[in-house]
Amino acid sequence: MRTTLLDNLIEDVSELVVLRNQIDRLAEGAGNDVLTHAAHRLHMLTGELQDRVLRTRMQPVDSVFSGLPRLVRDLANACGRQVRLELSGHETEADRSLLEAVRDPLTHLVRNAVDHGIEPPADRVAAGKDITGNVTVQAIHSGGHVVIEVADDGRGIDPDKVAAKAVATGRRTAAQIAAMSRTEILELLFEPGMSTADTVSTVSGRGVGMDVVRTNVEEVGGTVDFDSTPGRGTTWHLRVPLTVAVMPVLTVECAGHVLALSQVTLRELVTLRPDGRDVEQLGTAPVYRLRDELLPVVRLDGQLGLRSTGPDGGILVVLKAHGRRFGLVVDRVLSTGEVVVNPLARHVRQVGLYSGATVLGDGRVALILDAREIARRSHLVRDVAPALSRSESKVPAAPVEQMLVAGTRLGRRVAAPLRAVRRIERVAPSRLEPLGRHEVLRMREGIVPVVRLDRVVGEPVAPDPDELVVVLYQRDARTIALVVDAVLDIVDDDRGRHSAIEDTGLLGATVLDDHVTGLLDGAALVAAVEPTFYGDDGAADALRELVGR
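Cut-offs and rules
Residues numbered from 1 in each chain as written. Predicted model: local features only at pLDDT ≥ 70, side-chain atom pairs only at ≥ 80, totals over all residues. Heavy atoms only, no water. Helix = DSSP H or I, 4+ residues; strand = E, 2+ residues; numbered from the N terminus. Areas by Shrake-Rupley, 256 points an atom, 1.4 Å probe, with all protein chains shown as cover. Buried < 20%, exposed > 50% of the residue type's maximum accessible area, 1.4 Å probe, protein only. Contact = heavy atoms within 4.5 Å. Pairing = 2+ DSSP bridges. 1 Å grid on protein atoms, 1.4 Å probe; cavity = no way out; pocket = protein on both sides within 12 Å on 5 of 7 lines; lining within 4 Å. Points joined across faces, edges and corners; volume = space filled by probe spheres on them. Nonpolar A, V, L, I, M, F, W, Y, C, P; charged D, E, K, R; others polar. Expected span 1.5 Å × (residues − 1). Polar contact = N/O pair within 3.5 Å; in protein donor to acceptor, adjacent residues only side chain to side chain. Axes fitted to C-alpha atoms, helices over the stretch in contact; angles between N-to-C directions. Left-handed = near helix turned anticlockwise from the far one by under 90°. Arc of directions from axis to C-beta. Salt bridge = Lys/Arg side-chain N within 4 Å of Asp/Glu carboxyl O. Phe/Tyr/Trp six-rings, centres within 6.5 Å; stacked < 30°, edge-to-face > 60°. Core = buried A, V, L, I, M, F, W, Y, C linked by side-chain atoms within 4.5 Å.

A. The arrangement of the overall build of the protein chain in detail. Of the regular secondary structure elements, the protein chain holds 18 helices and 29 strands. Summing over all exposed atoms, the protein chain offers an accessible surface of approximately 26400 Å²; the carbon and sulfur share of this is 50%.

So, in structure tokens, the structure goes:
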């Protein structure tokens, strides 16, 4: 069958699906049993016709698998490996456009398995393994999706090596790495340009990494994740829908506009309280505490440049994009269902926030939001890694450290290690003296630079009270005077509960005494008042604008 004829037939069926949805909506409000029965019958027949027509676009994954044996053979010879490739699920079918979309990501994963995963023969023998490494690629149907797994029995991915690479390339500091979980460290592999290869070759180390794989797969509504055990191997999972013509969506309302979100990115829905106390502030970033996880919060009306007309509070839609979870606040959730996806005109596509459009049952056009683009445009989401599951969070046990918790005038909380606090004093505001762009205090330690906590977390400047509470904070033999509104408590902090939600002057966040609490970045504070102490630092530059006078 000619492809143009097939595409035209699919478009006609898509129009029929839109008409079916409209008749369903009319039948619901008519109160006519005969009409309701006819609409139900039409719904079933249209669904069967749609399914059969979409199946004509299906092709077996064997068209993608066919080039892998030669690829593995050539790579094994080039890398000096002995590799056995096993393929299964050749007959598994998916939309031909989706198979083309996963061809390059699949090739990249197989190349990684041979070059990064499978060890040289001598190393495998020394580790007690068969001299020949195994790479397995299989495709299966699972819950309306096609899952392609690429597994190897090689060396696995070492989180310590990933962490060292992130520090060496300046992606994270050593302090940030220390506050991250194993899962969060492994997620760094998806950052642009990240490669664990020690040398650049025709196969590895060129900076074209897993971020390209994830981007390509997510563009067609799929997901990428992996499991890895050092010394035993790695398994990658590519999960893509059977077809891109029909998509399950959640329809929501924001500022009077109806929009759709792909259910592939949807994780759960949370109703927010009208008083707004559910959403807390971490520095300048709004966050929501969902069980043991801190989620960055993005307001959809703000992203679209609209003014919300819905009830106070709203609904928090928990989404996952770029491997990170975040909450999107909308006015209302309307319904769920399957819709026919239509491509966008070029000038609409350039906006970037939408992945397509659809016609709803009542005849209205709804734009389909691109969760990945919302996450990318929101700086709150950029550095947020996914939380550990309950089973992961227990192994290994995280160290506990005593923390001093201080508060600001507007009720925000920040914690610092108690071991870094020399003492706490109360001083008159007149004792603060200007020195260049900063304020200083004359203490028995000498002249100590002053940092005001309210400026670090982005609060507006307010008149000083009659007495200032000053925390003498020491970092690597350098002391600063941290002015706080109040010292609240000394509590034990479980580092396993830290979340990598960063902001200027903060390393991350945790929950202490049922309150979201920022973790003070002592190195950035010291660098902000004494730039030469740690050398030039971009984070310190941003903080210097806040702590300076």
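There is more to say after this.
B. Layout of the environment of L472. Note that L472 resides in strand β25 (residues 468-475). Residue classification places L472 among the buried residues on the basis of a relative accessible area of 0%. With near-sequence residues (within four places) excluded, L472 lies in contact with A420, V421, R422, R423, M443, V448, T479 and I480.

C. A look at the pairing of strand β20 (residues 413-417). Across the five residues that make up β20, a large majority, five, are buried. Residues of β20 alternate between two faces, with R413, A415 and P417 on one and V414 and A416 on the opposite face, all of them buried. Of the pairings in the sheet, the one linking β20 to strand β29 (residues 515-520) comprises two bridges and is parallel in character. The residue bridging V414 from the neighbouring strand is G518, located in β29.

D. Up close: the layout of surface pockets. As a volume, the largest pocket reaches approximately 1200 Å³. Around the largest pocket, the lining comprises 47 residues; the ones closest to its centre are V220, G221, P241, T243 and M247. The biggest single contributor to the lining of the largest pocket is helix α2 (residues 33-55), with five residues. Looking at the lining of the largest pocket residue by residue, the classes come out as 18 nonpolar, 17 polar and twelve charged.

E. Just α2, in detail. An ideal rise of 1.5 Å per residue puts 33 Å on 23 residues; α2 measures up with 33 Å between its terminal C-alpha atoms. Looking at α2, one finds that the buried residues are A39, T46, Q50, V53 and L54. At the N-terminal boundary of α2, the capping side chain belongs to N32, with an oxygen 2.9 Å from the backbone nitrogen of V34.

F. Inspection of the packing of helix α4 (residues 68-79) against helix α5 (residues 96-117) at higher detail. Between α4 and α5, whose axes approach to 10 Å, the crossing angle comes to 35°. The two elements α4 and α5 meet at a crossing, and its hand is right-handed. When α4 is examined against α5, the residues L68, L71, V72, L75, A76 and C79 are found in contact with a partner set consisting of L106, T107, V110, R111, V114 and D115. Residues belonging to the contact of α4 with α5 are distributed by class as follows: nine nonpolar, one polar and two charged.

G. Quick peek at helix α7 (residues 159-168). Looking only at α7, the buried set comprises P159, V162, A163 and A166. The buried residues of α7 all sit within an arc of 100° when viewed along its axis, so they share a single face. The exposed set on the far side of α7, more than 90 degrees from its buried face, consists of D160 and A168. In this fold, the buried residues of α7 make contact with α8 (174-178) and α9 (182-186). Measuring from the side-chain oxygen of the N-cap residue of α7 to the backbone nitrogen of D160 gives 3.1 Å; that N-cap residue is D158. Looking one or two residues past α7, G170 carries a phi angle of roughly 80°, positive in sign.

H. View of the pattern of salt bridges. Scanning all chains against the criterion turns up 19 salt bridges. Among the charged side chains, a network of salt bridges with common partners joins E119, R124, K129 and D153.

I. How the structure looks around the packing of aromatic side chains. Tallying each qualifying case throughout the model produces three aromatic pairs. Taking the centre distance of 6.0 Å and the plane angle of 50° together, the rings of F190 and F226 count as tilted. With F190 in the loop between α9 and α10 (210-219) and F226 in strand β6 (residues 223-229), this residue pair connects regions lying 36 residues apart in the sequence. F226 matches F190 in its accessibility class, with the two residues each being buried.

J. Region of the structure containing the side chain of N112. By the element assignment, N112 lies in helix α5. The buried category is assigned to N112, whose relative accessible area is 18%.

K. Broad picture of the nonpolar core. Ranked by internal contacts, the top residues of the largest apolar core, which has 44 residues, are L106, V137, I148 and W236. Residue contributions to this core peak at eight residues, all from α5. Of all hydrophobic cores here, the second largest spans 26 residues; its members include A420, L506, V516 and V526.

L. Just the sheet that holds strand β14 (residues 315-321), in detail. In spatial order, the strands read β10-β14-β15-β13-β12-β11; together these six strands make up an open sheet with mixed pairing. Of all strands in the sheet, those bounded by a partner on one side alone are β10 (266-271) and β11 (279-282). The sheet shows a mean angle of 40° between the axes of neighbouring strands, taken without regard to direction. Summarising the sheet, β10 and β14 pair through five bridges and their orientation is antiparallel. Bridged to V270 within β14 is L316.

M. Structural context of the sheet that holds strand β17 (residues 354-359). Read from one edge to the other, the open sheet built from five strands follows the order β16-β8-β9-β18-β17, with strand pairing classed as mixed. Either end of the sheet is taken by a strand with one partner, and the two such strands are β16 (332-340) and β17. With strand direction ignored, the average angle separating the axes of adjacent strands in the sheet is 35°. As judged from the eight bridges shared by strand β8 (residues 246-254) and β16, these two strands associate in the antiparallel manner. Bridge pairing in β16 places P248 opposite E338.

N. Focus on the environment of D492. In this fold, D492 is placed in strand β27 (residues 486-494). Note: C-alpha distance between D492 and L418 (74 residues apart in sequence) is 9.8 Å.

O. The environment of R442, seen in detail. You can see R442 is positioned in strand β23 (residues 438-443). We classify R442 as exposed; its relative accessible area is 61%. Placed eleven residues apart in sequence, R442 and R431 show a C-alpha to C-alpha distance of 7.7 Å. Not counting residues up to four positions away in its chain, the partners in contact with R442 are R431 and E433. Side chain to side chain, R442 and E433 meet in a polar contact 2.9 Å long.

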